[in-house]
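# Remarks on the overall topology
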Amino acid sequence: GGEGPHSCGQEPSLEPMTDLGEETRYLEDIEEGTIRCGETEVTADDIVEFGEQFDPLPIHTDPEAAAESRYDGIIASGYHTLSLSVRLLVDAVRSKRAVVAGVGIDDVRWHAPVRPGDTITVETTVLGTRPSESDPSVGVVHERIVAKKRDGTEVLTLENHELVERRDPDVDTAAADSAPGPGR
């Protein structure tokens, strides 16, 4: 582990990442369905800045070299698209949840390049929720996240799993764990 703005010299906390208030949504409050999380425009400066710091390939950082590539111009790093999507998700959805931590991301796919001037929109669809098998105080939210350009072209898809606090961790989870349904 190095020193610097992106290093972590301490153990991660399992405390919620949100400021719990009256609008806090616990596992039991999260329903299946789709939520539109907003949109953001991507500029050439944004693409180059992110690329230089995190994914310094010429297709992300050098407009002249990118013009000679198969992409015929500069494109955003897939990780930039993913990061922008996460920000929209946090602003629209996760900041209202009693999120404890991310558990994992599956099936990340970049379907089309994001170019300067593109506006991407993000939607999340809750596919299911379930109490944790190992910790009755939390549960897992399973969602599918899709980022698209304004013309409907999908640029990013993934499935996300996150730990969310339960409203009443002392409830009997045996019935919930054995009930049929999505995510169980």
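Quick notes on the rules
Residues numbered from 1 in each chain as written. Predicted model: local features only at pLDDT ≥ 70, side-chain atom pairs only at ≥ 80, totals over all residues. Heavy atoms only, no water. Helix = DSSP H or I, 4+ residues; strand = E, 2+ residues; numbered from the N terminus. Buried < 20%, exposed > 50% of the residue type's maximum accessible area, 1.4 Å probe, protein only. Contact = heavy atoms within 4.5 Å. 1 Å grid on protein atoms, 1.4 Å probe; cavity = no way out; pocket = protein on both sides within 12 Å on 5 of 7 lines; lining within 4 Å. Points joined across faces, edges and corners; volume = space filled by probe spheres on them. Nonpolar A, V, L, I, M, F, W, Y, C, P; charged D, E, K, R; others polar. Phe/Tyr/Trp six-rings, centres within 6.5 Å; stacked < 30°, edge-to-face > 60°. pLDDT = per-residue confidence, 0-100. Pairing = 2+ DSSP bridges. Patch = residues over 30% accessible without salt bridge, like charges linked within 9 Å, V, L, I, M, F, W, Y side chains within 5 Å. Areas by Shrake-Rupley, 256 points an atom, 1.4 Å probe, with all protein chains shown as cover. Salt bridge = Lys/Arg side-chain N within 4 Å of Asp/Glu carboxyl O. Lys, Arg positive; Asp, Glu negative; His and termini not counted. Charge placed at Lys NZ, Arg CZ, Asp CG, Glu CD.

## Some details on the overall build of the protein
From N to C terminus, the protein includes five helices and five strands. Its helices and strands taken in sequence order, the protein reads β-α-α-α-α-β-β-β-β-α from the N to the C terminus. A buried classification covers 38% of the 184 residues belonging to the protein. Long-range pairs, those at least 24 residues apart, make up 72% of the contacts in the protein with a sequence separation of at least 6.

## Thoughts on the layout of surface pockets
Considered as a void within the structure, the largest pocket measures approximately 160 Å³ in volume. Lining of the largest pocket is provided by 14 residues; of these, Ala76, Gly78, Trp110, Ala112 and Pro113 occupy positions nearest its centre. Here the lining of the largest pocket gets three residues from one element, more than from any other, and that element is helix H4 (residues 78-92). Considering only residue class, the lining of the largest pocket consists of nine nonpolar, four polar and one charged.

## Quick look at the packing of aromatic side chains
Under the criterion given, the structure shown has two aromatic pairs. An angle of 45 degrees between the planes, with centres 5.0 Å apart, marks the rings of Phe50 and Phe54 as tilted. In this pair, Phe50 and Phe54 are both assigned in helix H1 (residues 44-54), four residues apart and thus about one turn of the helix distant. Classification of Phe50 as buried rests on a relative accessible area of 15%. By relative accessible area, which is 45% here, Phe54 ends up partly exposed. Arranged with centres 5.2 Å apart and planes meeting at 70 degrees, the rings of Tyr79 and Trp110 form a pair that is edge-to-face.

## Describing the confidence of the model for the protein
Caution is warranted with low-pLDDT regions, since their predicted coordinates should not be read in detail. Of the residues in the protein, 80% reach a pLDDT of 70 or more, and the chain-wide mean stands at 87. Counting contacts from residues 1-20, a segment whose pLDDT is below 50, to residues more than four positions away or on other chains yields 22 contacts. Counting contacts from residues 172-184, a segment whose pLDDT is below 50, to residues more than four positions away or on other chains yields 13 contacts.

## Observations concerning the pairing of strand S5 (residues 154-165)
Counting buried positions along S5 yields eleven of twelve residues, so the element is predominantly enclosed. Both strand S2 (residues 99-110) and S5 contribute to a ladder of eight bridges, which runs antiparallel. Across the sheet, residue Ile105 finds its bridge partner in S5, namely Asn160. Of the pairings in the sheet, the one linking strand S4 (residues 138-149) to S5 comprises eleven bridges and is antiparallel in character. Paired with Ala147 across the strands is Leu156, a residue of S5.

## Details of a negative patch on the surface
Together, Glu41, Asp45, Asp46, Glu49 and Glu52 line one region of the surface with negative charge. Looking at which element gives the most residues to the negative patch, the answer is H1, with four residues. With respect to the secondary-structure elements, Glu52 resides in helix H1.

## So, the pattern of salt bridges
Under the counting rule described, the total for this entry stands at ten salt bridges. For Asp29, the salt bridge identified is with Arg167, shortest N-O distance 2.3 Å. With Asp29 in the segment before strand S1 (33-41) and Arg167 in the loop between S5 and helix H5 (174-178), the pair connects residues that are 138 residues apart, well separated along the chain. Judged by its relative accessible area of 22%, Asp29 is partly exposed. Judged by its relative accessible area of 48%, Arg167 is partly exposed. Between Arg97 and Glu143 there is a salt bridge; the shortest N-O distance is 3.2 Å. Of the two residues, Arg97 is situated in the loop between H4 and S2 and Glu143 in strand S4; the sequence distance between them amounts to 46 residues. For the pair Arg97 and Glu143, a shared accessibility class is recorded, and that class is buried. When salt bridges with common partners are traced through the structure, they connect Arg94, Arg97, Glu143 and Glu162 into a single cluster.

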